[in-house]
Amino acid sequence: MTATVHRSTPVGPWRSAVEAALILSVGMGFGRFAFTAVFPYMVEDGVISVQQGSWAASMNYAGYLLGALLAVRMRARYAYTLCLWSVLGTALCLAVLALPVPVWGILLVRGVAGAVSALGFVAASLWLFEQRGHFTGAPVLYAGVGVGIALSAELLVLGASLGLHSSGMWLLLGAVAAVMGLIAAPGLLMHYSEPSTEVSAAQAAIQPKLVAVLPMVIIYGLAGFGYIVTATYLPMLVHKALPDVHSAHVWAVFGLGAVPACFIWHRVHERLGTRGALQWNLALQALGVALPVLVQSASSYMLSALLVGGTFTGTVTIAMPAAQRLARHTGKNVLAIMTLMYSVGQIIGPMVAELLHTYSHSFSSALLAASLALVIALICSVKLYPPATS
């Protein structure tokens, strides 16, 4: 059956960016990263152990890898449909975790949630960049991840104050995710049209230089490894090291730091180009990841959350539009390929962290390894431009 094309009165491109951002808020902020903040409550409730929580995280990353593999063949004309399915799938996964499911069921649901979030990430990006032709909406789009992280974290604080257990928190997150999806759905359907070649041609004149595929893919994979240790274990680290500090608030800082950062890094990208922007981004991110090892205090954890939260979405804001421009040049779905490599880095990260924790009984070595990966990515950025355009 062929998808019906709905022609409609043109609507402001920023509204399209907000609607796409809502998809990422649900799929990424709620579907992927809310588990990090609920994790300590689930351990406290005896639902899972710390080790089982690590398995659940790994299953989510494996699911994300599967979703990224499926997304490689995704076409822009079907992106809006996958956006809607990703929201529905995420809301259902969150709601199922409110049920008394066994540990294997939790692992399975986290795997499905990871696959759905990867598809939603690529679909929302393709819909905005290719379907709507709105590259300048990148900071709004990827700020949605930070908004989702911050909103889900504060919802958990609210749930805790109301005396909810982890199951009630999952139900609350599922309900809010469904509402957010309902807000975005009408705009996604109404705005569906064939990609605008006129918009694409108009923007072509202001595009930055094309990057080389291989260095960009390697850098993005290392960036996935570099941020994920902090993104997986930060609330748990804070909960153990500083029991008087509410770990969900620290996680909210992580998400809030990502919101304005998308706009800042978009402007830096315009001024310095892809290579220069990535170099500054990766350097600050490496510092943020290593900071809790260098200084053990509440302020260092807060600053780490702000730096890493304020740079990991910046990496995406810089790299994804560059990848989609490269895709138009090469005819390959570079955006999905890079998402695939990012997911590989995210899977390896927790595995390395658990291995190092087994020997050192501390996550300090894992944080330093993640910081080193970001430094290596920074070094690789020297070769980001092909020789002919450097």
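Residues numbered from 1 in each chain as written. Predicted model: local features only at pLDDT ≥ 70, side-chain atom pairs only at ≥ 80, totals over all residues. Heavy atoms only, no water.

**Comments concerning the overall build of the protein chain**
Inference 1: On a plain count of helices and strands, the protein chain comes out with 13 helices and zero strands.
Inference 2: Put simply, the protein chain runs from its N terminus to its C terminus through helices and strands in the order α-α-α-α-α-α-α-α-α-α-α-α-α.
Inference 3: A total of 390 residues make up the protein chain; the buried ones form 57% of that total.
Inference 4: Considering only contacts in the protein chain between residues 6 or more positions apart, those separated by 24 or more positions represent 85%. (Helix = DSSP H or I, 4+ residues; strand = E, 2+ residues; numbered from the N terminus. Buried < 20%, exposed > 50% of the residue type's maximum accessible area, 1.4 Å probe, protein only. Contact = heavy atoms within 4.5 Å.)

**Concerning the confidence of the model for the protein chain**
Inference 1: This prediction gives the protein chain a mean pLDDT of 82; 87% of its residues lie at or above 70.
Inference 2: Taken element by element, the protein chain is modelled with least confidence in helix α8 (residues 197–204), mean pLDDT 44, and with most confidence in helix α13 (residues 364–380), mean pLDDT 93.
Inference 3: Considering only residues more than four positions removed or in separate chains, one finds that residues 1–11, a stretch of pLDDT under 50, has 20 contacts.
Inference 4: Between residues 193–206, whose pLDDT stays under 50, and residues either more than four places distant or in other chains, the model counts 16 contacts. (pLDDT = per-residue confidence, 0-100.)

**Overview of the environment of V211**
Inference 1: In this fold, V211 is placed in the loop between α8 and α9 (213–241).
Inference 2: Along the chain, V211 and R325 lie 114 residues apart, while their C-alpha atoms are 9.3 Å from each other.

**Some words on the packing of aromatic side chains**
Inference 1: Within this structure, the stated rule accounts for ten aromatic pairs.
Inference 2: With 5.6 Å between their ring centres and 20° between their planes, F35 and F39 make a pair best called stacked. Residue F35 and its partner F39 are located together in helix α2 (residues 34–44), separated by four residues, close to a single helical turn. Accessibility assignment for this pair places F35 and F39 in one class, buried.
Inference 3: Ring centres of Y227 and Y342 lie 5.5 Å apart, and the angle between their planes is 15°; on these two criteria the pair is classed as stacked. Separated by 115 residues along the polypeptide, Y227 in helix α9 and Y342 in helix α12 (residues 334–360) bring together distant segments of the chain.
Inference 4: Linked through ring pairs, F33, Y220, Y227, F254, F312 and Y342 together constitute an aromatic cluster. (Phe/Tyr/Trp six-rings, centres within 6.5 Å; stacked < 30°, edge-to-face > 60°.)

**Some points on the pattern of salt bridges**
Inference 1: By the definition in use, this model includes two salt bridges.
Inference 2: Residue E19 is joined to R15 by a salt bridge in which the shortest nitrogen-to-oxygen separation is 3.0 Å. Taken as a pair, E19 and R15 lie in helix α1 (residues 13–30) at a separation of four residues, close to a single helical turn.
Inference 3: By relative accessible area, R15 is classed as partly exposed at 42%. (Salt bridge = Lys/Arg side-chain N within 4 Å of Asp/Glu carboxyl O.)

**Thoughts on the environment of L306**
Inference 1: Examined against the element boundaries, L306 turns out to sit in helix α11 (residues 298–330).
Inference 2: Accessibility expressed as a relative area gives 43% for L306, which makes it partly exposed.
Inference 3: For the pair L306 and G255, spaced 51 residues apart in the sequence, the C-alpha separation amounts to 8.1 Å.
Inference 4: The residues contacting L306, other than those within four sequence positions of it, are V253 and G257.

**Here's the deal with a nonpolar patch on the surface**
Inference 1: Judged by side-chain polarity, L284, L287, L294 and V295 come together as a nonpolar surface patch covering roughly 330 Å² of accessible area.
Inference 2: Relative to the elements of secondary structure, V295 occurs in the loop between α10 (247–294) and α11.
Inference 3: Owing to a relative accessible area of 40%, V295 belongs among the partly exposed residues under this scheme. (Patch = residues over 30% accessible without salt bridge, like charges linked within 9 Å, V, L, I, M, F, W, Y side chains within 5 Å. Areas by Shrake-Rupley, 256 points an atom, 1.4 Å probe, with all protein chains shown as cover.)

**Section: the packing of helix α3 (residues 50–71) against α12**
Inference 1: Closest axis-to-axis distance for the α3/α12 pair is 8 Å, and the angle between their directions is 165°. Of the possible angle classes, the one that applies to α3 and α12 is roughly antiparallel. Taken as a pair, α3 and α12 cross one another with a handedness that is left-handed. Contacts between α3 and α12 involve S54, S58, Y61, A62, Y64, L65, A68, L69 and A71 from the former and A336, T339, L340, S343, V344, Q346, I347, P350 and E354 from the latter.
Inference 2: Partitioning the contact of α3 with α12 into residue classes produces twelve nonpolar, five polar and one charged. (Axes fitted to C-alpha atoms, helices over the stretch in contact; angles between N-to-C directions. Parallel < 35°, antiparallel > 145°, perpendicular 65-115°, else oblique. Left-handed = near helix turned anticlockwise from the far one by under 90°. Nonpolar A, V, L, I, M, F, W, Y, C, P; charged D, E, K, R; others polar.)

**Thoughts on the packing of helix α4 (residues 79–96) against helix α5 (residues 103–131)**
Inference 1: It is the contact of α4 with α5, at a shortest axis distance of 8 Å, that shows an interaxial angle of 155°. In terms of their interaxial angle, α4 and α5 are classed as roughly antiparallel. As α4 packs across α5, the resulting crossing turns out to be left-handed. Residues A79, Y80, L82, C83, S86, G89, T90, C93 and V96 of α4 form the contact with α5, whose participating residues are V109, V112, A113, V116, G120, A123, A124, L126 and W127.
Inference 2: In terms of residue class, the contact of α4 with α5 is made up of 14 nonpolar, four polar and no charged.

**Quick word on α5**
Inference 1: The terminal C-alpha atoms of α5 lie 40 Å apart, and with 29 residues this matches the ideal 42 Å at 1.5 Å per residue to within 8%.
Inference 2: With 25 of its 29 residues buried, α5 lies for the most part within the structure.
Inference 3: Downstream of α5 by a residue or two, G133 has a phi angle that is positive, lying close to 65°. (Expected span 1.5 Å × (residues − 1).)

**Comments concerning the side chain of Q346**
Inference 1: Residue placement: Q346 occurs in helix α12.
Inference 2: Note on Q346: relative accessible area 0%, which makes it buried.
Inference 3: Separated by 2.5 Å, the side chains of Q346 and Y227 make a polar contact.
Inference 4: Residues in contact with Q346, not counting those within four places in the same chain, are R32, Y61, Y64, G224, F225, Y227 and I228. (Polar contact = N/O pair within 3.5 Å; in protein donor to acceptor, adjacent residues only side chain to side chain.)

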